[in-house]
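Commentary on secondary and tertiary structure
So the chains spell out like this:
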Amino acid sequence: MNRAIPPIVSIAMACALPWMALAQDARPGPSFHEAVGMAWAIDPVRTELQVGHHSARARASAAGSWFAGGPTLSGEYMDDHMLGSNEGYTTYQGGVSVPLWLPGQGSATKQVASAEAASIDEQLNVEHMALSIRVLDAGAAALIARSRVDVARTLYDATARMAASATRAVQGGELAATDGQVAQAAMENARDELALAQEEAQNATTALEVLLGRPVVPDLSRYGGGDVTQARFVSPRDMEDNDPRIKVAHRNVEAAEANMKLARRSFMPNPEIGVDAIHEKQYGSPWDDRVGVNFSIPLPSEVRNTPIMSEARNRLATATSQETQARRMVHLEMMRVRERLIAATTARQATRSAAENMEKRAQAQERAWRVGEAGVDTALAARQAAANTRLASARAEVEWHVASIRMLIATGVVP
């Protein structure tokens, strides 16, 4: 008897040390809104989209220029030295020209850049929404993992207590050796479950730390059904129209329409106009300087225009199709979010009641075993069932809060 108790105590202490570390990490964390802010501050996609937004705005500003491009400088030098005559016939000629906008081309170019900038604005909102969902999922995984550790720890304590009692009973001749072995095996299984739960909790916390940049877990328990009833958008159509994914798809359609208009305005290469100056040194010439105007007007060509128009039509068709698909996807997702909240509410209530009843049953079975009215296997099975229902209840509780927050995100609110 004296040799059996120390291993149990040492095992309990070994499992208690990592549990104490996890308990310290289980302090109330930041709100979900604060957690999303942490993740948004270090999100690399946000930086990329912001650079694209500034570039699009710069293109829109540049499209307000008077000319369609930068000036072109030209120059020529000719003399008769290479011919061997060397009569002093020398000509210097230089000019500068600028491309001109075609009718409506400048404003159409500006509209395309502005539409692309507006699209990137909405893409930022899409990324923020997607990041909020990633933070929500990672936070929920961390909380569920911690609940698993909590349940596993409680189960281990109960089985260790029963194993110690069984060991004393076997040594005192009050219990069969096989029953003691059953109790010892149940304790080892509980110990293994506790180790696996601690591993899962550590991995989930680490994944969340990578996302947030800090070793914290957001407190999701602050949000529930009351927050959902106060949401700004309750109509499914309002929720869909407010969804940033539909907004960005619509912005892409507007950008494609502006690009189609630009393609029509660019029916030929940009003409150029400028001035030339000539300085000549010629034997016996009555003049040596001249100034004039030059212009260049390329004519339209189907070889050039057809690919441009085809590409613009393809872009518009793709954007229109993506908008339709986005509306269908968002509509389906909204229905799933609503149904998930309803199912999570039901599961929360059912599992909470089941956990309470199963815990009472486990306590009753353990008391019955101690007075010899039930077998050890029955008491251990009841304790395991109580642990399973408690974990299911904890999971359902977290999932209910997750479903509530997910519903708020769908309405355009980051709680």
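Refer to the structure printed above.
Values in this document were obtained by computation on a predicted structure and should not be read as measured data.

1. Notes on the overall build of the protein chain
Each helix and strand in the protein chain was counted, giving 10 helices and 4 strands. In sequence order, the secondary structure elements of the protein chain are arranged as α-α-α-β-β-α-α-α-α-α-β-β-α-α. Taken over 415 residues, the protein chain has a buried fraction of 39%. In the structure as shown, the protein chain presents an accessible area of about 22700 Å², 57% of it carried by carbon and sulfur atoms.

2. What about the packing of aromatic side chains?
Evaluated as defined, the whole model comprises 1 aromatic pair. Look at Tyr-77 and Tyr-92: their rings are 5.1 Å apart centre to centre, the planes differ by 50°, and that puts the pair in the tilted class. In this pair, Tyr-77 is assigned in strand β1 (residues 72-79) and Tyr-92 in strand β2 (residues 90-99), connecting sequence segments 15 residues apart. Looking at Tyr-77, the relative accessible area reads 46%, which means it is partly exposed.

3. A short note on the environment of Ala-255
With respect to the helices, strands and loops of the structure, Ala-255 is situated in helix α8 (residues 244-265). Along the sequence, Ala-255 and Gln-111 sit 144 residues apart, while their C-alpha atoms lie 7.9 Å from each other. Apart from residues no more than four positions distant in its own chain, Ala-255 is found in contact with Ala-115, Glu-116 and Arg-315.

4. Some details on the packing of helix α9 (residues 302-370) against helix α10 (residues 376-410)
The description of two helices packed together rests on the angle between their axes and the distance between the axes. The geometry of α9 relative to α10 is characterised by a closest axis approach of 6 Å and an angle of 155° between their N-to-C directions. As far as their axial angle goes, α10 and α9 are roughly antiparallel. Both α9 and α10 take part in a crossing whose hand is left-handed. Of the residues that constitute the contact of α9 with α10, the class distribution is 21 nonpolar, 8 polar and 13 charged.

5. Looking at the pattern of salt bridges
A complete count under the given rule lists 22 salt bridges for this structure. A salt bridge links Glu-366 to Arg-383; the shortest N-O distance between them is 3.5 Å. A residue pair is termed long-range when its members are at least 10 positions apart, and Glu-366 in helix α9 and Arg-383 in helix α10 qualify at 17 residues. Of the two residues, Glu-366 and Arg-383, both sit in the buried class.

About the thresholds
- Residues numbered from 1 in each chain as written.
- Predicted model: local features only at pLDDT ≥ 70, side-chain atom pairs only at ≥ 80, totals over all residues.
- Heavy atoms only, no water.
- Helix = DSSP H or I, 4+ residues; strand = E, 2+ residues; numbered from the N terminus.
- Buried < 20%, exposed > 50% of the residue type's maximum accessible area, 1.4 Å probe, protein only.
- Areas by Shrake-Rupley, 256 points an atom, 1.4 Å probe, with all protein chains shown as cover.
- Phe/Tyr/Trp six-rings, centres within 6.5 Å; stacked < 30°, edge-to-face > 60°.
- Contact = heavy atoms within 4.5 Å.
- Axes fitted to C-alpha atoms, helices over the stretch in contact; angles between N-to-C directions.
- Parallel < 35°, antiparallel > 145°, perpendicular 65-115°, else oblique.
- Left-handed = near helix turned anticlockwise from the far one by under 90°.
- Nonpolar A, V, L, I, M, F, W, Y, C, P; charged D, E, K, R; others polar.
- Salt bridge = Lys/Arg side-chain N within 4 Å of Asp/Glu carboxyl O.

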